[in-house]
Protein chains: 2
Amino acid sequence: MATINGNYNNLAAGYLFPEIAKRAKAFLEKNPGIQIMRLGIGDTTHPLPKELIARMKEGVEKLAHKETYTGYADNSFGMARLRKAIADRYRGWGCPIHDTDIFVSDGAKPDSANIQSIFGLNNVVAVQDPAYPVYVDSNVIAGRGGTWDGIRYAGLVYMPCTEENGFFPALPDKKVDLIYICSPNNPTGAVATKEQLKAFVDYAIANKAVIIFDAAYAAYISDPSLPKSIFQIKGATSCALEINSFSKEAGFTGVRLGWTVVPQELAAEDAVPGKIQTLWMRRQNTMFNGASNIAQEGGIAALSPEGSKGCKAVIDYYMNNARIIKQGLEKIGIKVFGGINAPYIWLQTPGKMDSWQFFDKLLTETHVVGTPGVGFGPNGQGYFRLSAFGHTENVQKAVESVQKNLKI
Amino acid sequence: MATINGNYNNLAAGYLFPEIAKRAKAFLEKNPGIQIMRLGIGDTTHPLPKELIARMKEGVEKLAHKETYTGYADNSFGMARLRKAIADRYRGWGCPIHDTDIFVSDGAKPDSANIQSIFGLNNVVAVQDPAYPVYVDSNVIAGRGGTWDGIRYAGLVYMPCTEENGFFPALPDKKVDLIYICSPNNPTGAVATKEQLKAFVDYAIANKAVIIFDAAYAAYISDPSLPKSIFQIKGATSCALEINSFSKEAGFTGVRLGWTVVPQELAAEDAVPGKIQTLWMRRQNTMFNGASNIAQEGGIAALSPEGSKGCKAVIDYYMNNARIIKQGLEKIGIKVFGGINAPYIWLQTPGKMDSWQFFDKLLTETHVVGTPGVGFGPNGQGYFRLSAFGHTENVQKAVESVQKNLKI
């Protein structure tokens, strides 16, 4: 008698973004002809730089010829050229990363979800609150969530990110084992300073904890004093791994390409240096079969001088959108955060109104779809995420509609 | 103090294929200049049909224009056009499959590995012996393996596939909950008949078990009396799910594209019809982000009339290789199985010699790399897998080398 993984029954609600899609669809069905403006999901919309297009077409063409055709690679970790190009970037920032510390994947989301599986079920997990839902949901599915009380999972440690602490948390007030940190942060748009990260690295070393650092938006940092990688903090290779992606840097949300850095030095209570890297190698070789070879050619192009110039131009385009949203909302007295070194604007709902209520209000009054802050954790209540991805003319229209039609 | 998932320590050995690569590499280092002939990993080598190349280039070109650019899809299940094309094929075989039963992924390997995660840890798992290692390893990592006694995992039920039963197992002799069946079989090349599958479907319905059917080589079946899908068996939608792939059918081992059929009707002891499909939807939406949009365009092309004609020609090419291997080995008195409706030749080692010993012997004497049968399970001991993938001229050379140089 086959039975299901009962942990799924502990999941609080449907995954956030499909729920948003469902509500938007229902609105459209009730209001046919209305043009919805989407500032919801953090999804890229801009065409890819031509360097990337050309290289991926070459990647396809390679598959048309016996001499250049490739099937499975020797392992699931990515092309050597791509691993080197990624590691080179880290080394350029002064991070002691080897090519073999880089594990190419089909994106930051699967890696964020799967990384917990190489750790024991008894690890206490700490997450920023609010946080990208995948950290919480993947741990709940694995069985680390404990009971859901309607607001929080009893088994998780929530690290509040609030206006008071500039949306970067204090160290956990109890001993924790796995710590998820996302910077630049999704959803708040806050970016950790070197000093803030150093405090967590020191904590992790002292407590033999492991930091899972999500840097998927690192390419959006323009302030040179802010760290783009946790490995810019001394000692981090012994206590942290880092997840990143080509999705937002190169517009690869649909192409699917990311990577995780698991340093050789990384250790844990019952794992000598090298062991955790070996576990991730084993996990990827057993349960994954490499990222698409076409996407990997595109990734190599994105890291080339020409390609990265093209990617940078797209990022500037989105960051101009961020400025439009930020300034446009501030003009009508809405309090906004983020949007300077990250493509997300974190707004305080007028009167700290319930996030989902504001979602419905914004949709009904202005036809703009955003993301309810509470969907990212209890401390997201009264907040709302807007994304800078989109075509500027649409972003402008959306902001104008909010300015004109939102009844505050 | 972070700790690791101790189940990894229960894994018997390194994943099979990296181990083979390691031994081949060591041989090459000791014997520089020698040309190794690979009939080992089941990896495609033939260029893709031009229809697929053209369509994937169009897929890349779409990403170059604002009007046709796509990022994330609404869900992680695949493009509607592709899901429909796949479901249409099943319906063409008389299987009652809906478009929404199809879940597109980045390949059969990740799906084979991840599918167990939606089931409870107390399910008793039955595998064919020998079997594709991912079924066993993913369950061991999840914690269903129990102790390893040097040959078998105490927690798994092994269903022997032997010369006597034509390499298709009898029903399990005890009650099991999850049953992995692969047909056409990797590694034995055996294909289950409708009657054989019906017996398992009846067993699963009677015992509320779930069959995980791996049909990744279905496109290699030429005998019209043999089932290409378990859903050709009446009642199977209530007790089975099916995993398949474009890897071997369309040469997509490097492009990465597969699918899993989770029928709406599928039920379990504690899951009404619909529930298991919902769990897989939740799993994929939380831990996966869709297959590459470029690969999906290629998949649509592979299922088109022109594209599938091209794919069929490549399959015929490989099956001609299979014939060359089979007949070539039979000529020198080696007993071989499979290779008729599957791209694998399963040979009995001379004198039922130890599989790894034969690996070393074959490599040293003939410079041919194959796959030790015991790597697929204890009943693979004394057997050896050769793969029909490869360029015909190389396959011919390899067979000639075996004929000439193998000391039997």
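Here, every reference points to the structure presented above.
Quantities reported herein were computed from a predicted structural model and do not represent experimental measurements. (Residues numbered from 1 in each chain as written. Chains lettered and ligands numbered in written order. Predicted model: local features only at pLDDT ≥ 70, side-chain atom pairs only at ≥ 80, totals over all residues. Heavy atoms only, no water.)

Visitor: Explain the overall build of chain A residue by residue, including any values.
Guide: Each helix and strand counted, chain A has 13 helices and 13 strands in total. The C-alpha atoms of chain A give a radius of gyration of 21 Å, which matches the 22 Å a tight globule of 408 residues would have. The burial tally for chain A puts 62% of its 408 residues in the buried class. Of the roughly 14,500 Å² that chain A leaves accessible, carbon and sulfur atoms contribute 54%. Across chain A, the mean location of the 42 positive side-chain charges is 2 Å away from that of the 38 negative side-chain charges. (Helix = DSSP H or I, 4+ residues; strand = E, 2+ residues; numbered from the N terminus. Rg over C-alpha atoms; globule rule 2.2 N^0.38 Å. Buried < 20%, exposed > 50% of the residue type's maximum accessible area, 1.4 Å probe, protein only. Areas by Shrake-Rupley, 256 points an atom, 1.4 Å probe, with all protein chains shown as cover. Lys, Arg positive; Asp, Glu negative; His and termini not counted. Charge placed at Lys NZ, Arg CZ, Asp CG, Glu CD.)

Visitor: Please provide a residue-by-residue account of the relation of the copies chain B and chain A, values included.
Guide: Under the fitted operation, chain B is carried onto chain A by 0.0 Å of movement along the axis and a turn of 180°, and the coordinates agree to an RMSD of 0.0 Å. Within this description, the copies of the chain are treated as partners about a two-fold rotation axis. Of every C-alpha in chain B, the one belonging to Lys57 of chain B sits nearest the axis of rotation, 2.8 Å from it. When you check the interface residues of chain B against chain A, 100% turn up at the interface there too, and the contact is symmetric in its surfaces. (Least-squares fit on C-alpha atoms with pLDDT ≥ 70 in both. Contact = heavy atoms within 4.5 Å.)

Visitor: Describe the sheet that holds strand β7 (residues 240-245) of chain B, listing the residues and the values that go with them.
Guide: All names here are of chain B. Read across the open sheet, the seven strands follow the order β2-β8-β7-β6-β5-β3-β4; overall the sheet is mixed. Each edge of the sheet is formed by a strand with only one pairing partner; in this case those strands are β2 (102-105) and β4 (156-160). Averaged over all pairs of adjacent strands, the angle between their axes in this sheet comes to 20°, without regard to strand direction. Of the strand pairs in this sheet, strand β3 (residues 125-129) and strand β5 (residues 178-182) are connected by three bridges, and their pairing is parallel. Counterpart to Ala126 in the pairing with β5 is Ile179. (Pairing = 2+ DSSP bridges. Axes fitted to C-alpha atoms, helices over the stretch in contact; angles between N-to-C directions.)

Visitor: Any details on the interface of chain B and chain A? Residues and values, ideally.
Guide: Taken together, the 86 residues of chain B in the interface contact 86 residues of chain A. For the chain B face of the interface with chain A, the top three residues by lost area are Met1, Tyr72 and Arg282 of chain B, together amounting to 11%. Here chain B and chain A share six salt bridges between them. Note that Lys66 of chain A and Glu393 of chain B form a salt bridge whose closest N and O atoms lie 2.4 Å from each other. The set of elements that each furnish at least two residues to the side of chain B that touches chain A consists of α2 (50-62), α4 (108-114), α5 (133-142), α7 (247-250), α8 (275-287) and α9 (293-303) of chain B. By residue number, the principal contributor to the side of chain B that touches chain A is α8 of chain B, which donates eight residues. Among the residues making up the side of chain B that touches chain A, the classes are represented as 38 nonpolar, 30 polar and 18 charged. (Buried area = accessible area lost by both parts, 1.4 Å probe. Salt bridge = Lys/Arg side-chain N within 4 Å of Asp/Glu carboxyl O. Nonpolar A, V, L, I, M, F, W, Y, C, P; charged D, E, K, R; others polar.)

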